[in-house]
Amino acid sequence: MSEAAYDIVIAGGGTCGCILAGRLAAADPSLKILVIEAGPTTRDDPLHIQPARYLYHLRPDSRTVKFQVGRESATLDGRAPVVPCGQCLGGGSSVNFAMYTRGVASDYDDWEKVYGNRGWSSTDLLPLLRKCETYEIKPAQPTHGYSGPLKVSYGGFYTEMGREFLMVAAQYDKLRGHTDDPNDFLECNKYGRWQKWIDGKTGTRSDVPHHYIFNHTFNDNLRILTGYDVKKVVFGPGKKATGVQYIANARFHPNTKPEVLTATARRLVVISAGAFGSPAILERSGIGAKNVLTKVGVEQFIDLPGVGENYQDHQVVFAPYHVAESAHTLDGIATNDKAEIEKWTRQWQADGSGLLAHNGLDAGIKLRPFKDDLDVIGKDFRKRWLEYYVPAPDKPVLWMGTVSLFLGDRSKISIDRSFNVGWYIQHPVSLGYVHISSKDDPQAPLDFHAGYLDAPEDMALHKWGYKRSREFARRLPSYRGEVAASHPAFATTSKAAVGKRSGAVPVTAPDIEYTAEDEEALERHIRQAVTTSWHSLGTCAMKKREDGGIVDSRLNVYGVEGLKVIDLSICPGNVAANTYSTAVVVGEKGAMIIAEELGIPLEAQVPSAKARL
């Protein structure tokens, strides 16, 4: 067994792990820091730094994501959901859709007021959201930052579908109006052009490794180890974490002897392996529920029954439509069409613009229902609306928007080009869990239940999401009908029947009327179509210990010393946003907490925003 010593050992080199390492290394270059990442590096790889290449990482043979297979579920008509999570340096930041979306203030205020986490309110976190970014779209916006490492822009193209969506919104839904900033942190229910985690000058992805880590390669005290799995945390006297055991991932080191290695941490161990990896490391270390640990032969060290519980994801449905030949889509890039790749690569290399500097997503809305909408959604959602949403008028219930790309399974549907109007639930009621199935094998499949559609409130919102999104889709000038195989099997005599069309309906056309049979067909379709939005969180929740919490507001694991969890698994409640922004702010907050405890001054933070929260 080989052993090496460091000041801080970080188990996981995803978004948060890289931010922690980068910030702390910059603040004190004498700190010896080890980051252990299960996947490969991403440095200067076009498949990572070119934003439009994100679907490449979702191929079945992908080396940069790990596919977690859930239990078969009756609410999904017996399907076993598959949830990808980043497994490469930078984690999700290196492979995600680069969609810039921030939660609303009340989401984070709940973390403090509802769950008792002092220092995690919107007032506390907004300065960190600003600190991380350089907002290139418009100057002097009070809730945005202008000197951070991550660039935010509209990307290098403006798709026809995005333009058309906003044009139709202005005519079809005049009550909600338009905003120049759908992610201002303050309000929802307005349509807007969508921002992206893309550098507006270079057209490159605003990921974490290239902006927090690779600029510290001169620092010999910061070591990044890729292709190694962390097995467990090692503890010494006083239940203090003293290091981790880890082993080579045979996929990336096929010729390396599979011996267990140990890294010693003189000052701190941080688990930062995500919503799947972090609870698994804790459970293999003997921290968790006794019945879970006993089942796989792990002796319980600390009783924390909430480990692996509270799993949450933004359930999403992408509804595809045939598209006019004149409209630009990312389908050629997604299918690796040689002519398309060469064409857009030349433009991207010349000036950082074009479809490679894009994600296909140009317009959307954080949608909140009005009274008439609530009537359509129905009684299953009524209690949730009154108790959760009415007290928080900034909270949306759905995100809805266009994607200029087919996002279905091309092995089952033959289609060259399409667009989607998709939606996801912002605060699903359904919860799942994730637990280990092996006491010492980090590569063993997890016992995972996603929980999709377990709560009727979620089905009610999905049905409204389909109806609402389809009304927009069929009014867009580039619409040419539904891709029938990826829509409900409505009767051909129904007013909701799907199929190819010659063009859009007038904006003033009446909405589709759905019969009782149509409603049943829609519900069946949603059970068959709902999937992950790659936004897993909550499995090591930052709550009081008696409420099932795993870490306190300083991110310390209950019952031990010298061990923190810092990643999206600590989120006690969901956020109305793609989770990259929240992962970044958790990483920045974690770095600030560690620096304070070690007596290390971090670089000056962005002044508090002069904004109403």
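What you are looking at is a predicted structure, and each value in this text was computed from that prediction instead of being measured. (Residues numbered from 1 in each chain as written. Predicted model: local features only at pLDDT ≥ 70, side-chain atom pairs only at ≥ 80, totals over all residues. Heavy atoms only, no water.)

1. So, the overall build of the protein
For clarity, the cut-off: In DSSP terms, a helix is any run of H or I states spanning at least four residues, a strand is any run of E spanning at least two, and both are numbered starting from the N terminus. In this description the radius of gyration comes from C-alpha coordinates, and the expected globular size is given by 2.2 Å times residues to the power 0.38. Burial status follows relative accessibility: with a 1.4 Å probe on protein chains alone, a residue under 20% of its type maximum counts as buried, one over 50% as exposed, and anything between as partly exposed. Areas reported as accessible are Shrake-Rupley estimates using a 1.4 Å probe. Residue values count occlusion only from the protein chains shown. Only four residue types enter the tally: Lys and Arg on the positive side, Asp and Glu on the negative side; His and the chain ends are excluded. Where a charge lies is defined by one atom per residue type: Lys uses NZ, Arg uses CZ, Asp uses CG and Glu uses CD.
Of the regular secondary structure elements, the protein holds 15 helices and 21 strands. Over its C-alpha atoms the protein spans a radius of gyration of 24 Å, differing by no more than 12% from the 25 Å that the globule rule assigns to 613 residues. Each principal axis of the C-alpha distribution contributes one length, and for the protein these read about 70 × 55 × 50 Å. The buried share among the 613 residues of the protein stands at 63%. For the protein, the exposed area adds up to about 22900 Å²; of that, 50% sits on carbon and sulfur atoms. Of the charged side chains in the protein, 71 are positive and 72 negative; the average position of the first set lies 1 Å away from that of the second.

2. Notes on the nonpolar core
Which entries qualify depends on this criterion: Only buried residues count toward a nonpolar core, which is a set of Ala, Val, Leu, Ile, Met, Phe, Trp, Tyr and Cys residues joined through side-chain atoms within 4.5 Å.
Grouped together as the largest cluster of nonpolar side chains are 87 residues, with contacts concentrated most on Ile 33, Leu 282 and Leu 563. Sorting elements by how many residues they give to this core places helix α15 (residues 580-598) first, with nine residues.

3. Regarding the environment of Gly 590
For the record, the criterion: Contact definition: two residues touch when any of their heavy atoms are within 4.5 Å.
Mapped onto the elements of the fold, Gly 590 is located in helix α15. Not counting chain neighbours up to four residues away, the residues in contact with Gly 590 comprise Leu 20, Leu 555 and Ile 566.

4. So, unusual backbone geometry
With phi around 55 degrees, Asp 44 is a residue other than glycine that occupies positive phi space. Within the secondary structure, Asp 44 sits in the loop between β2 (33-37) and α2 (46-49). Backbone geometry places Leu 555, a non-glycine residue, at a positive phi of 70 degrees. Considering the arrangement of structural elements, one finds Leu 555 in the loop between α14 (516-529) and β21 (563-565). Its relative accessible area of 0% is what places Leu 555 among the buried residues.

5. Let's talk about the pattern of salt bridges
Note the threshold: What makes a salt bridge here is a side-chain nitrogen of Lys or Arg within 4 Å of a carboxyl oxygen of Asp or Glu, nothing more.
Throughout the structure, instances matching the rule amount to 30 salt bridges. In this structure, Arg 266 engages Asp 7 in a salt bridge whose closest nitrogen and oxygen atoms are separated by 3.4 Å. Here the residue Arg 266 occupies a position in strand β11 (residues 261-271), and Asp 7 occupies one in strand β1 (residues 3-11), the gap between them amounting to 259 residues. Residue classification places Arg 266 among the partly exposed positions, given a relative accessible area of 45%. Asp 7 sits in the buried class, given a relative accessible area of 11%. In this structure, the salt-bridge partner of Glu 588 is Arg 23, at a minimum N-O distance of 2.8 Å.

6. A short note on α14
In an α-helix, one full turn covers 3.6 residues, which means residues spaced three or four apart are oriented alike. Definition in use: Take the residue count of a helix, subtract one, and multiply by 1.5 Å to get its expected span.
For α14, spanning 14 residues, the distance from its first C-alpha to its last is 20 Å, which sits close to the expected 20 Å at 1.5 Å a residue. If you follow the buried residues of α14, they end up packed against α13 (456-473).

7. Points about the environment of Gly 548
Inspection of the secondary structure assignment puts Gly 548 in the loop between α14 and β21. It is 9.1 Å that separates the C-alpha atoms of Gly 548 and Asn 310, two residues lying 238 residues apart in sequence.

8. What about the side chain of Ser 153?
Threshold: Under this definition, polar contacts are N or O atom pairs within 3.5 Å; protein pairs additionally need one hydrogen-donor-capable and one acceptor-capable atom, and for neighbouring residues in sequence, both atoms have to be side-chain atoms.
Relative to the elements of secondary structure, Ser 153 occurs in the loop between β6 (150-152) and α5 (160-172). For Ser 153, the side chain forms a polar contact with the main-chain oxygen of Ile 198, separated by 2.7 Å. When near neighbours in sequence (up to four residues on either side) are disregarded, Ser 153 contacts Glu 136, Ile 137, Gln 195, Lys 196, Ile 198, Asp 199 and Gly 200.

9. A word on the packing of aromatic side chains
Here is the rule we go by: Here the aromatic set is Phe, Tyr and Trp, taking the six-membered ring for Trp, and pairing holds for ring centres within 6.5 Å; pairs whose planes are under 30 degrees apart are stacked, those over 60 apart are edge-to-face, and all others are tilted.
For the coordinates displayed, the defined rule picks out 31 aromatic pairs. Arranged with centres 5.9 Å apart and planes meeting at 20 degrees, the rings of Tyr 108 and Phe 185 form a pair that is stacked. Of the two residues, Tyr 108 sits in helix α3 (residues 105-113) while Phe 185 sits in the loop between α5 and β7 (191-193), which places them 77 residues apart along the sequence. There is no split in this pair, since Tyr 108 and Phe 185 are both buried. Seen in terms of ring centroids, Tyr 388 and Tyr 389 are 5.0 Å apart; in terms of plane orientation they differ by 85 degrees. Their pairing is edge-to-face.

10. Side note on the sheet that holds strand β14 (residues 316-323)
Working definition: the strands of a sheet are paired by backbone hydrogen bonds and lie parallel or antiparallel to each other. Keep this limit in mind: Two strands form a pair only when DSSP identifies at least two bridges running between them. Under this scheme, a helix contributes an axis fitted over its contacting stretch, all axes are lines through C-alpha atoms, and angles between N-to-C directions fall in the 0 to 180 degree range.
Read from one edge of the open sheet, six strands run β7-β15-β16-β17-β14-β20, paired in antiparallel fashion. Both edges of this open sheet fall to β7 and β20 (479-482), since each of them pairs with a single strand only. Within the sheet, the average angular offset between the axes of one strand and its neighbour, ignoring direction, is 25 degrees.

11. Here we look at the side chain of Thr 15
Tracing the backbone through its elements, the reader meets Thr 15 in helix α1 (residues 15-27). One polar contact links the side chain of Thr 15 to the main-chain carbonyl oxygen of Gly 90, over a distance of 3.2 Å. Not counting chain neighbours up to four residues away, the residues in contact with Thr 15 comprise Gly 90, Gly 91, Gly 92, Ser 93, Val 208, Tyr 580, Ala 583 and Val 584.

12. Description of the environment of Ser 278
Residue placement: Ser 278 occurs in helix α7 (residues 274-284). A C-alpha to C-alpha distance of 25 Å links Ser 278 and Lys 113, two positions 165 residues apart in sequence. Residues in contact with Ser 278, not counting those within four places in the same chain, are Ile 271, Ser 272, Ala 273, Cys 540, Val 565, Asp 567 and Ser 569.

13. Observations concerning the packing of helix α4 (residues 122-131) against α15
Selection criterion: Under this scheme an angle from 65 to 115 degrees is roughly perpendicular, one under 35 degrees roughly parallel, and one over 145 degrees roughly antiparallel; angles in between are oblique. All residues other than Ala, Val, Leu, Ile, Met, Phe, Trp, Tyr, Cys, Pro, Asp, Glu, Lys and Arg, Gly among them, are scored as polar; the first ten of these are nonpolar and the last four charged.
As a packed pair, α4 and α15 sit with axes 9 Å apart at the nearest point and diverge in direction by 105 degrees. The angle between the axes of α4 and α15 places the two elements in the roughly perpendicular class. Contacts between α4 and α15 involve Leu 125, Leu 128, Leu 129 and Lys 131 from the former and Ser 581, Val 585, Glu 588 and Lys 589 from the latter. Partitioning the contact of α4 with α15 into residue classes produces four nonpolar, one polar and three charged.

14. Points about the confidence of the model for the protein
Filter applied, for reference: Confidence of the predictor in every single residue is expressed as pLDDT, which spans 0 to 100.
The pLDDT averaged across the protein works out to 95; a share of 98% of its residues lies at or above 70. Note on residues 605-613: pLDDT is under 50 here. Beyond four places in sequence and across chains, it has 22 contacts.

15. Section: α5
Here α5 contains 13 residues, and its C-alpha end-to-end distance of 18 Å stays within 8% of the 18 Å for a straight helix at 1.5 Å per residue. If you check which residues of α5 are buried, you get Met 161, Gly 162, Glu 164, Phe 165, Leu 166, Val 168, Ala 169 and Tyr 172. Buried residues belonging to α5 abut β7, β14, β15 (363-367), β16 (398-403), β17 (419-425) and α13.

16. Let's talk about the packing of α1 against α15
The following threshold applies: For a crossing to be left-handed, the near helix must be turned anticlockwise from the far one by less than a right angle; the clockwise case is right-handed.
Orientation of α1 relative to α15, taken along the N-to-C sense of each, is 40 degrees, at an axis distance of 8 Å. One element, α1, and the other, α15, form an angle in the oblique class. By crossing handedness, the relation of α1 to α15 is classed as right-handed. Of the residues in α15, those in contact with Thr 15, Cys 16, Ile 19, Leu 20, Arg 23 and Leu 24 of α1 are Tyr 580, Ala 583, Val 584, Val 586, Gly 587, Glu 588, Gly 590, Ala 591, Ile 594 and Ala 595. Its residues placed into classes, the contact of α1 with α15 shows 11 nonpolar, three polar and two charged.

17. Concerning the pairing of β14
Burial analysis of β14 places eight of its eight residues in the buried class, the great majority of the element. With two bridges connecting them, β14 and β20 associate as antiparallel partners. Note that in β20 the partner of Val 323 across the bridge is Tyr 479.

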